[in-house]
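# Descriptive structure summary
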Amino acid sequence: METTKRMMLFPFMAQGHLIPFLQLAQLIERRNGYSITLINTPSNIRNLRSYLPTSSSVHLSSLPFNPSDHGLPPGHESMDSLPFHLLFPLYKATESLRPAFTRFVSDALSLDPTSPLCIIADPYLGWTVDVAEELGVFHAFFVTGSERSTAIYHSLWTLWPLQWSHSDELALPNRPNVRLHRSQVTKLLLYGDDNNPIFVFFCRQIAHFCKSDGVIVNTAEEFERSGVEFLKEESGGMPVWAVGPLLRVPSTPSSDDTHIGWLAGHPPDSVLYVSFGSMNTISASQMVELAMGLEASGTAFMWVIRPPSGFDFKGGFREEWLPEGFEERMREQNRGVLIHGWAPQMEILSHGSTGAFLSHCGWNSVLESLCNGVPIIGWPIAGEQFYNSMMMVEEIGVCVEIARGNGNESVVCREDVERIVRSVMMGGEGEEMRRKAREVGEVLRAAVGEGGASVRAMDDFLRTALPTMAGKD
Ligand code: UDX
């Protein structure tokens, strides 16, 4: 009789990481013979349950975790639920999970020593490599970003301190054709140092990255041809498996869903969807310029809006953050909808009325947009989003960048918003981008279809990980 093979998945505590990990768990579940456990803290596990069909065999297990022991408010166990000043306590708290995680895996091994086991963890939980080593099991990181962006991001951390030319540019020594501007580098790399605890936390994770047995990436090889080799080099020759895109299947729209109902009242490709992901927002002054530019553009839009930077991200929204009477005017003219809180993004992007996505270029958003043939207006804010946007503009041709960053460093003016939105929504440039986005969407979908490259990569990962686990000591 064949033994059950066990997969333990451990994402970082942020929506942009939890969601693709759950997709990965479900992808492995579709192959017979695997027992899959997704591990996290209690409140994240409770939230994930609602995303998982009741028929699923994926186990959701929580490690003991008390937010108040780490200076976090009760129930606040995820990046997107915390104000900026509480991010470090959360990062630090993830390291405190090591003993409980080690016990969890080691108990599973003692309970059934004959079934092989593999850990798939988030690169933000670098210490899981040491746990795998200690317990003699296979370890892989699952990168929720793209190959190319992860490689650039990794490369910058290993190059730190960064040397800028007089024009504030930098070329990567091992990829001279990758030229970055200062405005494309996350603040932590620009201003952080050994006295900054978040900076030191990330240095620790980067140091662990190359110690894993391999990297799984949420991308497709045909889509990111230049990324695979780059990431392999950056990770010191580790195997890289591109198994994506891993996407949530949109639920069937119901007639009482107000957002979908609103979209249905608009012509095909006519609505601009605006969202900055699960944990980013823009500044108050940028918000006003964006609103004025959207209004002047004459385009219909659906905007997922959160309080501006510096205010409680999940707090109440104040009218004063927008031009006077903006929301009411847009509603009366049936021109625009503001969604305060969480939007059904996959359902919106897969709706025929959605014509473009003004996005912070988080990797999940990029994939969700392209799989639905929707071009992007890029406004990257942090981390590797700058390189996602750059790749979409320079290599794939499905994006035009409107701004960068969420503070004073990125001046956004209403005239530019109006001009770019008009050209993407109403001009020839937008048509060409939409055509390319549809083409790329087909490539992405084919990669995860029968016999696709991502399916083969997943097979290869499973073949590599499992026999190795059994023999590893
Ligand atoms: C972050 C990074 O930006 C991203 O590049 C990285 O790979 C993962 O962590 P985030 O900033 O949240 O993620 O953006 P994104 O990658 O786009 O993920 C957000 C996810 O939340 C998407 O799946 C999106 O569909 C979903 N979402 C977000 C909603 O369903 N509704 C919302 O209102 C906002």
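Residues numbered from 1 in each chain as written. Predicted model: local features only at pLDDT ≥ 70, side-chain atom pairs only at ≥ 80, totals over all residues. Heavy atoms only, no water.

A few words on the domain arrangement of the protein. Each assigned domain of the protein is listed with its residue range as follows: domain 1 (5–244 + 450–471) and domain 2 (258–445). Between domain 1 and domain 2, the C-alpha centre-to-centre distance is 27 Å. The partner domain 2 presents 25 residues to the 33 residues of domain 1 that form the contact. Carbon and sulfur atoms supply 61% of the area that domain 1 and domain 2 bury against each other, a total of about 2,400 Å² over both sides. (Domains from an automatic or database assignment. Contact = heavy atoms within 4.5 Å. Buried area = accessible area lost by both parts, 1.4 Å probe.)

Pairing within the open sheet is parallel, and its 6 strands lie in the order β12-β11-β10-β13-β14-β15. Edge positions in the open sheet fall to β12 (336–340) and β15 (399–401), since each of these has one partner strand only. For this sheet the average axis-to-axis angle between neighbouring strands, irrespective of direction, equals 20 degrees. Packing of helix α11 (residues 284–297) onto the sheet brings it into contact with β10 (271–275), β11 (300–305) and β13 (354–359), and relative to β11 it is tilted by some 165 degrees. (Pairing = 2+ DSSP bridges. Helix = DSSP H or I, 4+ residues; strand = E, 2+ residues; numbered from the N terminus. Axes fitted to C-alpha atoms, helices over the stretch in contact; angles between N-to-C directions.)

Among the 23 residues in the neighbourhood of the ligand, the closest are listed as S278, A343, N364, S365 and E368. The backbone of W363 places a nitrogen or oxygen atom 2.9 Å from an oxygen atom of the ligand. Taking Q385, its side chain carries an N or O atom lying 2.8 Å from an oxygen atom of the ligand. Protein chains shield 97% of the accessible area of the ligand, which is 660 Å² for the free molecule. Secondary-structure elements contributing two or more residues to the shell around the ligand are α1 (15–29), α14 (363–371) and α15 (385–396). Among the elements that line the shell around the ligand, the one with the most residues is α14, at 4 residues. Partitioned by chemical class, the residues of the shell around the ligand number 6 nonpolar, 14 polar and 3 charged. When residues of the shell around the ligand are assigned to domains, at least three fall in each of domain 1 (5–244 + 450–471) and domain 2 (258–445). (Near = heavy atom within 4 Å. Polar contact = N/O pair within 3.5 Å; in protein donor to acceptor, adjacent residues only side chain to side chain. Areas by Shrake-Rupley, 256 points an atom, 1.4 Å probe, with all protein chains shown as cover. Nonpolar A, V, L, I, M, F, W, Y, C, P; charged D, E, K, R; others polar.)

Moving on to the packing of helix α16 (residues 414–426) against helix α17 (residues 428–447). Contact geometry for α16 and α17: axes closest at 5 Å, N-to-C directions at 60 degrees. One finds that α16 runs oblique with respect to α17. Relative to α17, the crossing made by α16 is right-handed. Residue-level contacts link S423, V424, M425 and M426 of α16 to G428, E429, G430, M433 and R434 of α17. Residue composition of the contact of α16 with α17, grouped by class: 4 nonpolar, 3 polar and 2 charged. (Parallel < 35°, antiparallel > 145°, perpendicular 65-115°, else oblique. Left-handed = near helix turned anticlockwise from the far one by under 90°.)

Here the UniProt feature "domain: Glycosyltransferase N-terminal" (unreviewed entry) sits at residues 9–246. For residues 9–246, the end-to-end C-alpha separation is 15 Å, with 40% helix and 17% strand making up the annotated structure. (UniProt positions renumbered as here; feature names shortened; annotations may be inferred.)

What follows is about helix α9 (residues 225–234). Within the sequence span of α9, burial applies to G227, V228, F230, L231 and E234. Of the surrounding elements, those touching the buried residues of α9 are α6 (147–159), β6 (169–172), β7 (175–181), α8 (197–209), β8 (215–217) and β9 (240–242). Backbone geometry just downstream of α9 places G236 in the positive-phi region, at approximately 70 degrees. (Buried < 20%, exposed > 50% of the residue type's maximum accessible area, 1.4 Å probe, protein only.)

With that settled, consider the pairing of strand β1 (residues 5–10). Both faces of the sheet carry side chains from a regular strand, because those side chains alternate between them. The buried count for β1 comes to 5 of 6 residues, which makes it a mostly enclosed element. Taken together, the 5 bridges between β1 and strand β2 (residues 34–40) define a ladder with parallel strand orientation. Looking at β2, one finds that R6 is bridged to S35. Between β1 and its parallel partner β2, the chain crosses via α1, and the hand of that crossover is right-handed. Two strands pair when backbone bridges link them, and β1 and strand β4 (residues 117–121) are joined in this way by 5 bridges, in the parallel orientation. Residue pairing for β4: L9 is matched across the bridge by I120. (Right-handed = clockwise from strand over helix to strand, strands pointing away.)

A side chain with one charge can pair with a side chain of the opposite charge if their charged atoms come near. Considering all chains together, one arrives at 22 salt bridges under this definition. Among the salt bridges present, the one from R204 reaches E95, with a minimum N-O distance of 2.8 Å. In this pair, R204 is assigned in helix α8 and E95 in helix α3 (residues 87–95), connecting sequence segments 109 residues apart. Here E169 makes a salt bridge to R179, at a shortest N to O gap of 3.5 Å. (Salt bridge = Lys/Arg side-chain N within 4 Å of Asp/Glu carboxyl O.)

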